[in-house]
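Working through the structure, step by step
Here's the letter readout for the chains.
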Amino acid sequence: MTFTVGIDVGGTFTDLIAVDAGRGEIKIAKVPTTVDNQARGVMNAICAAGIALDQIEVILHGTTATTNAVLERKLAKVGLITTQGFRDSLELGRRTRPTPYGLKGQFAPLISRELRLEVPERMLADGSVHIALDEISFAGAVRQLLAQGCESLVIHFLHSYINPAHELRAGEIARAIWPNEYITIGHTLVSEYREYERGVTAAVNASVQPVLARYLARLEAELRSNAAAPQLLIMQGNGGTVAAKYAAQAAVQTVMSGPASGVMAAVATSCAAGLRNVITYDMGGTSTDVGLVRDGAAAVSSELELEYAMPMRVPLVDVHTVGAGGGSIAAINEAGLLSVGPRSAGATPGPICYGRGGTQPTITDANLVLGRLNPDKLLAVENKISLTEIKQILVEKIGRALGLDAMQTAEAIIRIANDKMAGAIRMVSLARGHDPRDFALFPFGGAGPLHACALAAELNIPALLIPARPGITNALGCAIADLRHDVVNTLNAPLAALDIAVLRATFDAQIAKGRAALQKDGVVVERVNVLHAVEMQFAGQSHLLRVAIEDITLSKDALAQKFADAYWQRFHVRLPEMRPVLVNVHSAVIGVRRGWNLAALAPKIPAAQISDAIISRRAVWFDGQAHDTPVYARDQIPAAQFFDGPAIIEQLDCTTVIAPGWRAQADVFGNLEVKKAQNCAAGITH
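Description of the structure in this document. These numbers were taken from a predicted model, which means no experiment stands behind them.

Turning our eyes to something else, we now look at the pattern of salt bridges. If you walk through the whole model with that rule in mind, you get 29 salt bridges. When the shortest N-O distance is used, the salt bridge between Glu91 and Arg116 registers 2.8 Å. Of this pair, Glu91 sits in helix H3 (residues 89–92) while Arg116 sits in strand S6 (residues 116–119), placing them 25 residues apart in sequence. Judged by its relative accessible area of 0%, Arg116 is buried. When the shortest N-O distance is used, the salt bridge between Glu151 and Arg214 registers 2.6 Å. Taken together, the positions of Glu151 in the loop between helix H4 (135–147) and strand S9 (152–156) and Arg214 in helix H7 (residues 195–224) put the pair 63 residues apart, joining distant regions of the chain. Each of Asp88, Glu91, Arg113 and Arg116 takes part in one network of salt bridges that share partners.

Here you go:
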C-alpha cells in the first residue's frame, strides 16, 4: 500500500488526488458527483485514477453529504427533550429577523414543536441542582418520541455545560430505550454557555447523524468489497480529520468540510511558496467560498451561521460563501435587472454547454461564449451543444431584454458575478480590518482562476498565486490534512476576578482530552501540536473576540494586553476603561501526519522555452474587444520564465485566464505567480 488519497465531493464534481510520497508519483481524477449516492462517485474517481484499492494506504475524504442535507432540509426526523419551560428556545432564538429591514420573514426550526418535549429538571447557572431530574418523566418522553417516528434524539438541558450530571444520567436512560446510537447529548458536543446556540448545534448534529452514518456505511462497504479496506479519515470543518468510525458521533463537525479543506491546501501551498498572507478564493460549480490566511494560519471561528437561525457553535475554518459558481443561473429579475445566482443548475442538468438538458444561461456558458473555455475540453459533456445555439439562448433569455448582443450579454453576466464575489472578499478582509492590498489572492476551484485577475484588479490586490492543480485543490487539502480535535470550555469570568490557576488547569485538561481522542483514532502521527486560544469580550458586549495564546502560563496582565491588541487590530479602538471578560477556553490538539514535498505537483517534463508550451491560439473577449490569445498547456510551462496576458492556460482540472496587463511565471512547485506587468520588477511580496 503506497498511495495517500485525498477525495473531495463537490456539488458538481468529485475530485481525487493520490500521492505516492516515496516515488513522488501523483495521480488525479475528476468525475461527476453522483448525487443519489456519493459513494459511487468516490469509487468512480478511484477507478478513473487507475489505482487499485490494495495500493491505497489511507483515504482522506471531504464530503458535502451533511452540508447539502442541512441546506436542502433532507434530514432525519429528530426529537428533543429539554428543561421544563424551554421547549421553544430553538424557535425564539435571538433578537434577529430573517429580513432585518422588512416587516415579513419566517424560518422553520430543525425540530418542529410537537417533537420538542419538556421534563422537570433544572440546573442553576452556578452548577447547583435546583430541580432534580424526573427520570420517570424523561423515560416517558423518550418513548413518546419513538412512537412519533423519531430516528434521532437530542438531550439538551439548561446549564449542562457547567454541570452535566442530569444530561449524563438522561443519556444512560435513553440508551436503554432508544433503538439506535443516534443520541446527541448537548454538553458532549458543545461545552459552552449560550443555550440557544448550543441547542441548535446539537439539533444540527442529530439531524445529519443518520445521514452521515448511512453514507459512511455505504462507502466503507464499497471499499471492503474488493480488497482489504484502506484506512478512512473524514475531513472536518475545523481543517483537520477524524477516523471515519467516530465521524458520525459529531457529524456537525463535517459541515463545511469542503471549504475547510481548500483553505488548508492554500495554507500549505502559499507557505511553501513563501507567502504568509493570502485571501483564498474557491469558485466551484454552485458557490464561491472565500477565507483569510494571515501569518501562515487559517482563521477559525465558532460564530458562523450556515443559514439564518442556524448558528454552528463548533470551531470551523472561517469562510464566507456566496451563491456564485460555474453553474449559477443568470436571469432577468422582477425589477428588470440582470442577476446571477444564487440558483444553480448544479450537476444535473448543469450549464447549457454540458448537454444534459440545461436551458438556463450560467456563468460557465458565458465564459464559453467569451472564448475563455475550450468547448472541446469541457468535462462530463453528454450531448454537445453548438456555440451558436448557446449564443442564441443568451440573447433570447437575457440580451434582448437589455438590448445586448451575445458577447455583451456574456460579459455582463461575468461582470455581475465578479461584483458578487468581490463583495465576499471584502467581507473577509475590509470588513474585519484587513487591507486586501496586503494580501495575495489564492484562486482555486474549477472556475476560480477564470475570474481571478478581474477580482484582483477590482480589489487592488497586487499579486495572485494560482496553485498547480486549482480544480482539485480541495482534494489536495484533504490529502495533506492532519488529525485535529478541538476542546472548548466556558469559564465566563471577569479577568480581574479570574483564578489563573483554574485557567491553566482547564488548558491542561483540554490537552489531555484531545490527546486521548487522537489515541482513540488509531492513526499513526509524527508529532502532536497544540494550539490554544481564549474568547473574550468587554463587559456588556455580546460578541466574542478570539485571542491566540502561545504560552498557557501567561499572567492576567499579559492576557489583558493580548486582548487589547487583538481588539485594536479588529476595530482600531482602545477601551482601557472597559473591563475584559474571559468567556471560553479553546485548545486544538493536532496529530501531524507524515508530509510530502509539494514540488511533486510541478510538471515532470516541461517545455524548454515558454513559447514551446503554446498549443493553439483563439479569439478571447476582454472589455468588449476580441484579442488573439495564445493557449498554453499547463503541464508544459517551464519554471521562472515570464509570459504576458492575455493568455489562456488549460489543464485537466481547470482553465486559467491571464488578463491583459498581467504577467505570470511558474515556480518550482508548479504554482503560477501572477502580478500586474508594470509591477514585475518588485516581485510578489513574501
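It is worth spelling out the packing of helix H1 (residues 38–48) against H7 at this point. The relative placement of two packed helices is expressed as an angle between their axes plus a distance between the axes. Viewed as axis vectors pointing N to C, H1 and H7 meet at an angle of 35°, and their least axial separation amounts to 9 Å. For the pair H1 and H7, the crossing hand works out as right-handed. Counting all contacts with H1, which are made through Gln38, Ala39, Val42, Met43 and Ile46, the residues of H7 involved are Tyr215, Arg218, Leu219, Glu222 and Leu223.

What follows deals with the sheet that holds strand S32 (residues 647–651). Pairing is mixed in the open sheet, where four strands are placed in the order S29-S30-S32-S33. A strand with exactly one partner marks an edge of an open sheet, and here the two such strands are strand S29 (614–622) and strand S33 (654–658). Adjacent strand axes in the sheet meet at a mean angle of 25°, parallel and antiparallel pairs treated alike. When S29 meets strand S30 (residues 625–633), the two strands line up antiparallel, connected through eight bridges. Bridging from a neighbouring strand, Phe622 pairs with Gln625 of S30.

On to the packing of aromatic side chains, then. One pair of aromatic rings is described through two measures. These are the centre distance and the angle between the planes. Counted under the stated rule, the structure contains eight aromatic pairs. Between Phe442 and Phe444, the ring centres sit 5.7 Å apart and the planes meet at 65°, which makes this aromatic pair edge-to-face. The two residues Phe442 and Phe444 agree in class, both being buried. Taking 5.9 Å as the distance between ring centres and 65° as the angle between the ring planes, the aromatic pair formed by Phe563 and Tyr567 counts as edge-to-face. A residue pair is termed a helical-turn pair when its members lie 3 or 4 positions apart in one helix, as Phe563 and Tyr567 do in helix H16 (residues 556–571) at four residues. With a relative accessible area of 10%, Tyr567 lands in the buried category. Sitting over the ring of Phe642, Arg663 keeps its end group 5.6 Å from the ring centre.

Once that is clear, we can look at the environment of Gly262. Note that Gly262 resides in helix H9 (residues 257–272). Gly262 sits in the buried class, given a relative accessible area of 0%. Taking the C-alpha atoms as reference, Gly262 lies 9.5 Å from Gly291; in sequence the two are 29 residues apart.

Core analysis: the largest hydrophobic core is formed by 92 residues, its most contacted members being Leu16, Ile46, Ile81, Phe138, Leu153, Ile155 and Tyr215. Tallying contributions element by element places H7 first for this core, with 13 residues. Residues within four places of Ile46 in sequence aside, it is in contact with Ile7, Leu16, Ile51, Leu53, Ile56, Ile59 and Leu223. Ala330, Val340, Trp662 and Ala664 belong to the second largest nonpolar core, which has 66 residues in total.

The rules behind these values
Residues numbered from 1 in each chain as written. Predicted model: local features only at pLDDT ≥ 70, side-chain atom pairs only at ≥ 80, totals over all residues. Heavy atoms only, no water. Salt bridge = Lys/Arg side-chain N within 4 Å of Asp/Glu carboxyl O. Helix = DSSP H or I, 4+ residues; strand = E, 2+ residues; numbered from the N terminus. Buried < 20%, exposed > 50% of the residue type's maximum accessible area, 1.4 Å probe, protein only. Axes fitted to C-alpha atoms, helices over the stretch in contact; angles between N-to-C directions. Left-handed = near helix turned anticlockwise from the far one by under 90°. Contact = heavy atoms within 4.5 Å. Pairing = 2+ DSSP bridges. Phe/Tyr/Trp six-rings, centres within 6.5 Å; stacked < 30°, edge-to-face > 60°. Lys NZ or Arg CZ within 6 Å of the ring centre and 35° of its normal. Core = buried A, V, L, I, M, F, W, Y, C linked by side-chain atoms within 4.5 Å.

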